[in-house]
Amino acid sequence: MSSKHIVVIPGDGIGAEITAEALRVSQAAAKKCGYSFTHETKQAGGAAIDAYGVPLPEDTIDACRKADGVLLGAVGGPKWDHVAPELRAEKAILGLRKSLELYANLRPIKVFPALAAQSPLKPEIVNAVDILIVRELNGGIYYGARQEATIVNDVELAWDREGYSRPEIERILRLACRSAIGRKGKVTSVDKANVLATSRLWRKVANEMAAAFTQVEINHMYVDNCAMQLVLNPGSFDVLVTGNLFGDILSDEAAVLSGSIGLLPSASLGDGTGLYEPIHGSAPDIAGLGLANPLGTILSAAMMFRYSLGSEQIAAMIEAAVDQVLVDGYRTPDIYQQGLTKVSTEEMGQQVINRLK
Ligand code: NAI
Ligand code: MG
C-alpha cells in the first residue's frame, strides 16, 4: 500500500479555487483505485509575502523537498508588483525550480476534439494534436553569464552566453526518450545546429541516445522550421525536446493551439520531488468569483500521479473524465459557447468527479 505525501501550494488569485478542485478530484480518483495519499498546504508567492515577508519561506521549501509531489496553483498579482525585485511573488517559482533541481519542464499540448472549433487553426489541422513538449529548464542561455549594456569603444553592447554540458543534454534527452515510450515512440529534437555550437553538441548526444533507445525514433529539426511545422502540421509531432530558450518560445506557441490556457497542465521534473501546475497565471481579474477553469490544474494533478505518485491508472482515469466532461458540454466561462452548459469552478470539479471510472 502506498503512503505518498503531497504538498499543495494554492498561491494567489484563482490559485485557491483551482487547487481545491484538483485536490478534490485527486482524492476521489485515488479512493476509486484503493490508493491513499496525504497532503499538507503550504504558502508561496504573494500569500507568503503577506504572512512571512518572503515569497518562498524555508518551511515551504523543506516540506516540498520531503514530499513526493507538489501541486501549485499560481503566484503573483498586482498587489505585489511594487515590492523589491528579490521579493517578487514570481521568485517563488524560480526558487522552487532551483531548490528542487527541476531540470525538465513537460507540457502536454492536446486539442480536445470537443474544443477543436476554438483553436485559432482549422479543426482539421488541430484535431490530431497530441504533443508532449520537453523543455530543458535549468541551463542554456537563461542561466549563462551575461553582460548588461555597457559602452565599449564608444558602442553600447550587451551579451548573454549559452552553454550546455553533455550531462545536462543527456538527462533531458533520456527523459524525452523515456516519455516517448508508451506514446507514439517518436522524438523530435529541436536545435539550431547549422549555427550554434551548443546545438551541435546537443545533436551529437541525441544521435548517441538514439542508439541506446531502439524503441524510439529520434529525428532532428531546426527551430525555425519547427516554429512553422507547429502551425502547418502540428499533428505530426509526438515528443518534442529542446533547450531552455527554444522551449520557452515553442511551448507558448504550441499552447495557443488548444484555444484556451485554462486547460493546459505542466510538470517540472528533477531527480527528486516533481512540481505540477497549470500553465496560466493567477488571473487576478477573475479571482474569487468561481469563474476560473480548474481543468488545467486537474490535469496537472493527473500528471503528478503519472510521474511522481506511481499511478498511471489514476492519471488515465482523471484524463478520461476531463475528456468526457468536455464531450458532455460542460464549460467554464473562458471556453463557453452558446448552447452548452455554463458551470462554475466548483461545479466543473464536481462534473469531473462524477465521471471518474
Ligand atoms: P494569467 O494567465 O493569470 O491571465 C491571463 C488571462 O487568462 C486573464 O484574462 C485570465 O483571467 C485568463 N485566465 C488565466 N487562467 C485562467 C483560468 N484557469 N480560467 C479562466 N481564465 C483564465 O496571466 P497574467 O494576467 O499575465 O498574469 C497574472 C499574474 O499571474 C501576474 O502576477 C503574473 O506574474 C502571474 N503569473 C504566474 C505564473 C505562475 O504562477 N506560474 C505564470 C504566469 C503569470
Ligand atoms: Mg514563457
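Per an unreviewed UniProt entry, the recorded name for the protein is 3-isopropylmalate dehydrogenase, and the organism is Sporomusa ovata. Taken directly from UniProt, the Function (unreviewed entry) text for the protein runs: "Catalyzes the oxidation of 3-carboxy-2-hydroxy-4-methylpentanoate (3-isopropylmalate) to 3-carboxy-4-methyl-2-oxopentanoate. The product decarboxylates to 4-methyl-2 oxopentanoate." The UniProt entry for the protein carries the following comment under Sequence similarities (unreviewed entry): "Belongs to the isocitrate and isopropylmalate dehydrogenases family. LeuB type 1 subfamily."

Draft legend 1. Fine view of the site of ligand 1. Around ligand 1 there are 21 residues in total, and Gly76, Gly262, His280, Gly281 and Asn293 lie nearest to it. By residue class, the composition of the shell around ligand 1 is 9 nonpolar, 8 polar and 4 charged.

Draft legend 2. Quick peek at unusual backbone geometry. For Asn153, which is not glycine, the phi dihedral falls at a positive 50°. Secondary-structure assignment places Asn153 in the loop between β6 (146-152) and β7 (155-160). Backbone geometry at Asp154 places phi at a positive 70°, although glycine is not the residue there. Relative to the elements of secondary structure, Asp154 occurs in the loop between β6 and β7.

Draft legend 3. Structural detail: the nonpolar core. Formed by 103 residues in total, the largest nonpolar core has its most connected members in Val70, Val134, Ala176, Ile298, Ala301 and Ile318. Per element, the largest residue contribution to this core is 9 residues, and it comes from helix α10 (residues 295-307). The residues that make up this core include at least three from each of domain 1 (1-110 + 260-357) and domain 2 (120-258). Other than its neighbours up to four places away in sequence, Ala301 contacts Ala22, Val25, Ser26, Leu71, Tyr276 and Ile318.

Draft legend 4. Representation of the packing of helix α1 (residues 15-32) against helix α12 (residues 345-354) within the structure. Close contact between α1 and α12 brings their axes to 9 Å; oriented N to C, the two are set at 15°. Taken together, α1 and α12 sit at an angle that is classed as roughly parallel. Considering only the axes of α1 and α12, their crossing is right-handed. Taken together, the residues of α12 that come into contact with α1 (itself represented by Glu17, Ile18, Glu21, Arg24, Val25 and Ala28) are Thr345, Glu346, Met348, Gly349, Val352 and Ile353. Its residues assigned to classes, the contact of α1 with α12 shows 6 nonpolar, 2 polar and 4 charged.

Draft legend 5. Structural context of the sheet that holds strand β8 (residues 186-191). As summarised here, the arrangement of the 10 strands in space is β2-β1-β3-β12-β11-β4-β5-β10-β8-β9, forming an open sheet in which the pairing is mixed. With one partner strand each, in any of the chains shown, β2 (37-41) and β9 (217-222) form the two edges of the open sheet. The mean inter-strand angle of the sheet, taken between neighbouring strand axes irrespective of direction, is 20°. Alignment of strand β4 (residues 104-110) against strand β5 (residues 130-136), held across 7 bridges, turns out to be antiparallel. Bridging from a neighbouring strand, Lys110 pairs with Asp130 of β5.

Draft legend 6. Highlighting the pairing of β7. In terms of burial, β7 is a largely surface element, 0 of the 6 residues being buried. For β6 and β7, the ladder comprises 5 bridges, and the chain directions are antiparallel. Counterpart to Ile151 in the pairing with β7 is Glu156. Connecting the antiparallel pair β6 and β7 is a turn made up of 2 residues, with Asn153 showing a positive phi of about 50°.

Draft legend 7. Layout of the pairing of β9. Both β8 and β9 contribute to a ladder of 6 bridges, which runs parallel. Directly across from Lys186, in β9, lies its bridge partner Glu217. Read from β8 through helix α7 (residues 197-212) to β9, the crossover connection turns out right-handed.

Draft legend 8. Representation of the UniProt feature "site: Important for catalysis" (unreviewed entry) in the protein in the model. The UniProt entry lists Tyr142 and Lys192 under the feature "site: Important for catalysis" (unreviewed entry), expressed in the numbering used here. Turning to its location among the elements, Tyr142 is positioned in the loop between β5 and β6. For Tyr142, a count of 15 C-beta atoms within 10 Å gives the class partly exposed. Beyond its immediate sequence surroundings of up to four residues, Tyr142 is in contact with Asn244 and Leu245. Tracing the sequence through the fold places Lys192 in the loop between β8 and α7.

Draft legend 9. Spotlight on the domain arrangement of the protein. Taken as a whole, the protein is organised into domain 1 (1-110 + 260-357) and domain 2 (120-258). Between domain 1 and domain 2, the contact holds 17 residues from the first and 19 residues from the second. Going through the elements one at a time, β4 and β11 (265-269) are the ones with two or more residues in the side of domain 1 that touches domain 2. Per element, the largest residue contribution to the side of domain 1 that touches domain 2 is 7 residues, and it comes from β4.

About the criteria used
Residues numbered from 1 in each chain as written. Chains lettered and ligands numbered in written order. Predicted model: local features only at pLDDT ≥ 70, side-chain atom pairs only at ≥ 80, totals over all residues. UniProt positions renumbered as here; feature names shortened; annotations may be inferred. Near = placed C-beta within 6 Å. Nonpolar A, V, L, I, M, F, W, Y, C, P; charged D, E, K, R; others polar. Helix = DSSP H or I, 4+ residues; strand = E, 2+ residues; numbered from the N terminus. Core = buried A, V, L, I, M, F, W, Y, C linked by C-beta atoms within 7 Å. Buried ≥ 20, exposed ≤ 12 C-beta atoms within 10 Å, placed from the backbone. Domains from an automatic or database assignment. Contact = placed C-beta atoms within 7 Å. Axes fitted to C-alpha atoms, helices over the stretch in contact; angles between N-to-C directions. Parallel < 35°, antiparallel > 145°, perpendicular 65-115°, else oblique. Left-handed = near helix turned anticlockwise from the far one by under 90°. Pairing = 2+ DSSP bridges. Right-handed = clockwise from strand over helix to strand, strands pointing away.

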